[in-house]
Amino acid sequence: IGKAAVVREGDDVTLVSYGAMLPLCTAAAEAAEKANISCEVIDLRTINPWDRATVLDSVRKTGRAVIVNEAPLTGGFASEVSATIAEHAIEYLEAPVKRVTGYDPPFPYTLENLYMPNGNKVLFCTGGFWALSTEAMRVCGIPDAELGHTGGDVMIGEQLYRFLGNSGETED
């Protein structure tokens, strides 16, 4: 309890998750390898207490973080992790912290597949740090149907890249 596990070593971006979202992060990290993006995957295991040191050490190493959980964007645990990174490792960040989460408004269970984060959303967010094109996302295994869906603060599609001037950064 209170000790995270580094499930996969990486150098480019830290993926932080726990529970049911962990396999999605692992799959996204494997797919990101096709685009030469090395993801470190951290399994928090518990969220109270949670292992701040392991997360902060990883973010200091990679300079980027994506936090993935099923909770809504507002008030979810991803916000706590993001705030901790901002308070204790902001000088190491090369890009804003990203969160892949569920949506804030209530969702009917029949649309759960649209609500829940999935590996493709994690992969897209991870690739977004490098402003990968839609074609590059396809090479990584994101199907066309997924390129138009989003969760949390992750926006998917080439329109975002054009809007951001291909920088891959968003304003919070």
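Sequence order as written defines the numbering, with residues in each chain counted from 1. Local features in a predicted model are, by the rule used here, given only for residues with pLDDT of at least 70; side-chain atom pairs are given and counted only at 80 or more, and totals for whole chains, interfaces and linings are based on all residues. The side-chain quantities take in all heavy atoms of the structure and omit both hydrogens and water.

Caption draft 1: Just the packing of helix H2 (residues 52-62) against helix H3 (residues 77-89), in detail. One way to put it is that H2 packs onto H3 with a least axis distance of 10 Å and a crossing angle of 60°. Classed by the angle they form, the pair H2 and H3 counts as oblique. Taken as a pair, H2 and H3 cross one another with a handedness that is right-handed. From H2, Arg52, Val55, Leu56, Val59 and Arg60 reach across to H3, where they touch Glu80, Val81, Thr84, Ile85, His88 and Ala89. In this analysis an axis means a line fitted to C-alpha atoms, helices contributing only their contacting stretch, and an angle means the value between N-to-C directions, from 0 to 180 degrees. For the purposes of this entry, the term helix denotes a DSSP run of H or I that reaches at least four residues, the term strand denotes a run of E that reaches at least two, and both are numbered from the N terminus. Here roughly perpendicular refers to angles of 65 to 115 degrees, roughly parallel to angles under 35, roughly antiparallel to angles over 145, and oblique to all remaining angles. Crossing handedness: left-handed means the near helix sits turned counterclockwise from the far one by under a right angle, and right-handed means the same turn made clockwise. By definition in these notes, contact holds between two residues if any of their heavy atoms fall within 4.5 Å.

Caption draft 2: Structural detail: the sheet that holds strand S4 (residues 65-72). Pairing is mixed across the open sheet formed by five strands, whose spatial order is S1-S3-S2-S4-S5. Strands with a single pairing partner mark the edges of an open sheet, and in this sheet they are strand S1 (5-8) and strand S5 (98-102). On average, each strand axis in the sheet is inclined to that of its neighbour by 25°, with strand direction left out of account. We call two strands paired when DSSP finds no fewer than two bridges between them. Where S4 lies against S5, four bridges are found, and the strand directions are parallel. If you follow Ile67 over to S5, its bridge partner there is Arg99.

Caption draft 3: Quick peek at H2. Of all the positions in H2, only Thr54, Val55, Leu56, Ser58, Val59 and Thr62 are classed as buried. Contacts made by the buried residues of H2 are with S1, strand S2 (13-17), strand S3 (39-43), S4 and H3. For this analysis, a polar contact is any N or O atom pair within 3.5 Å, provided that within protein one partner can donate a hydrogen and the other can accept it, and provided that sequence-adjacent residues contribute only side-chain to side-chain pairs. Sitting at the amino-terminal end of H2 is Asp51, which places a side-chain oxygen 3.4 Å from the backbone nitrogen of Ala53. Following H2 by one or two positions, Gly63 adopts a phi angle in the positive range, close to 80°. When accessible area is computed with a 1.4 Å probe and restricted to protein chains, residues below 20% of their type maximum are described as buried, those above 50% as exposed, and intermediate ones as partly exposed.

Caption draft 4: Structural view of the pairing of S3. Among the five residues that make up S3, five are buried, leaving the element largely enclosed by the rest of the structure. Burial along S3 is two-sided: Cys39, Val41 and Asp43 and Glu40 and Ile42, pointing in opposite directions, are all buried. Sheet topology places S1 next to S3; three bridges connect them, and they run antiparallel. Bridging from a neighbouring strand, Val6 pairs with Ile42 of S3. Note: S2 against S3, five bridges, orientation parallel. Bridge pairing in S3 links Leu15 to Val41.

Caption draft 5: Region of the structure containing H3. Here a helix's expected span is defined as the number of its residues, less one, multiplied by 1.5 Å. A rise of 1.5 Å per residue sets the reference length of H3, with its 13 residues, at 18 Å; its end C-alpha atoms lie 18 Å apart and thus fit the reference within 8%. All buried positions along H3 are accounted for by Phe77, Ala78, Val81, Ser82, Thr84, Ile85 and Ala89. For H3, the buried positions fall inside an angular range of 160° around the axis, keeping them on one side. Each element contacted by the buried residues of H3 is listed here: S2, H2, S4 and S5. What the arc covers is the set of directions going from the helix axis to the C-beta atoms.

Caption draft 6: Here's a closer look at the pattern of salt bridges. We count a salt bridge whenever a side-chain nitrogen from Lys or Arg sits within 4 Å of a carboxyl oxygen from Asp or Glu. Summed over the entire model, instances satisfying the criterion amount to six salt bridges. Taking the shortest distance from any N to any O, the salt bridge between Asp51 and Lys3 comes out at 3.4 Å. One end of the pair, Asp51, is in the loop between S3 and H2; the other, Lys3, is in the segment before S1, and 48 residues separate them in sequence. Lys61 serves as the salt-bridge partner of Glu9, at 3.3 Å between the closest nitrogen and oxygen. Here the residue Glu9 occupies a position in the loop between S1 and S2, and Lys61 occupies one in helix H2, the gap between them amounting to 52 residues. Note on Glu9: relative accessible area 58%, which makes it exposed.

Any functional reading would require information beyond the geometric quantities listed.
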